[in-house]
Amino acid sequence: MEIPHTHGFSLWLMPPEPIKSRLKEEIACWSATLETPSFEPHVTLLGGIKDDTGIAAKIFDLVHAAKPLSPLTIELGSARYTQEFYRCVYLNIWLTTSLQKLYDIACVCMRFAESGHEFSPHMSMVYGSVGLQTQDSITHNIGPRYEGEGFTVSEIALWSTKGPPDAWHQISSTFPF
């Protein structure tokens, strides 16, 4: 399987324990079964950040501006799938007003402007190209187990997402907001 390489940095919202372990185990299980990349469970707040000049200062501005939104509740929605490699199978995330505000603040602080880009929060469960029948089967398997669950986040993690998923790594400790 050819794995598309990504470039730059990403800001991730990481689930806390105990749901983090459940999601990580689920992702690892499907990854092993389907021979697809494994990765840490996360919700991408902002991806494709190419300019790392002053990134720490920008993140500090972000967490300061986001303080009124903390703690933020992430609500898991239904399982879905697409033909996109990095959204092969995913859990929809309910786009709350607070989550949209956090995204908007992140865009301003990171000086990130993608024309026509709509924030579509999700938590990927499978990366890859596995076929529609397999995707449909997986969504029916995992959807009922997670839909309606939620978790609270109060930190933002900076990840280097250069190259394939096995090369991705967290840059520093998380940034509480």
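Note that this is a predicted model, so its numbers are computed, not measured.

**As for the overall build of the chain**
- Within the chain, the secondary structure is distributed over four helices and nine strands.
- Going residue by residue from the N terminus, the α and β elements of the chain occur as β-α-β-α-β-β-α-β-α-β-β-β-β.
- At 16 Å, the chain has a C-alpha radius of gyration in line with the 16 Å of a compact globule built from 177 residues.
- Along the first, second and third principal axes, the C-alpha atoms of the chain reach 45 × 35 × 30 Å.

**Here we look at the nonpolar core**
- Core analysis: the largest hydrophobic core is formed by 56 residues, its most contacted members being Leu11, Leu13 and Leu102.
- In terms of residues, this core owes the most to one element, helix α3 (residues 97–109), which gives six residues.

**Here we look at α3**
- Taking 1.5 Å of rise per residue, 13 residues should cover 18 Å, and α3 covers 18 Å from first to last C-alpha, within 8% of that figure.
- Residues Leu99, Leu102, Tyr103, Ala106, Cys107 and Cys109 constitute the buried set of α3.
- Where α3 is buried, its residues contact β1 (9–13), β2 (43–49), α2 (55–66), β3 (72–81), β4 (89–93) and β7 (155–160).
- Once α3 ends, the next one or two residues include Arg111, with phi positive near 55°.

About the thresholds
- Sequence order as written defines residue numbering, which begins from 1 separately in each chain.
- Selection of residues for local features in this predicted model requires a pLDDT of at least 70, selection of side-chain atom pairs for listing and counting requires 80 or more, and totals for whole chains, interfaces and linings are taken over all residues.
- To obtain the side-chain values, all non-hydrogen atoms of the structure were used and water was disregarded.
- Working definition: helices are DSSP H or I runs of at least four residues, strands are E runs of at least two. Numbering for both runs from the N terminus.
- Only C-alpha atoms enter the radius of gyration; for comparison, a globular chain is expected to reach 2.2 Å times N to the power 0.38, where N is the number of residues.
- We call a set of buried residues a nonpolar core when its members are Ala, Val, Leu, Ile, Met, Phe, Trp, Tyr or Cys and they connect through side-chain atoms within 4.5 Å of each other.
- Accessible area is worked out with a 1.4 Å probe on protein chains only. A residue is then buried under 20% of its type maximum, exposed over 50%, and partly exposed in between.
- Expected helix span is computed as 1.5 Å times (number of residues minus one).
- In this description, contact between two residues means that some pair of their heavy atoms is separated by no more than 4.5 Å.

So far we have only geometry, and geometry alone does not tell us how the molecule works.
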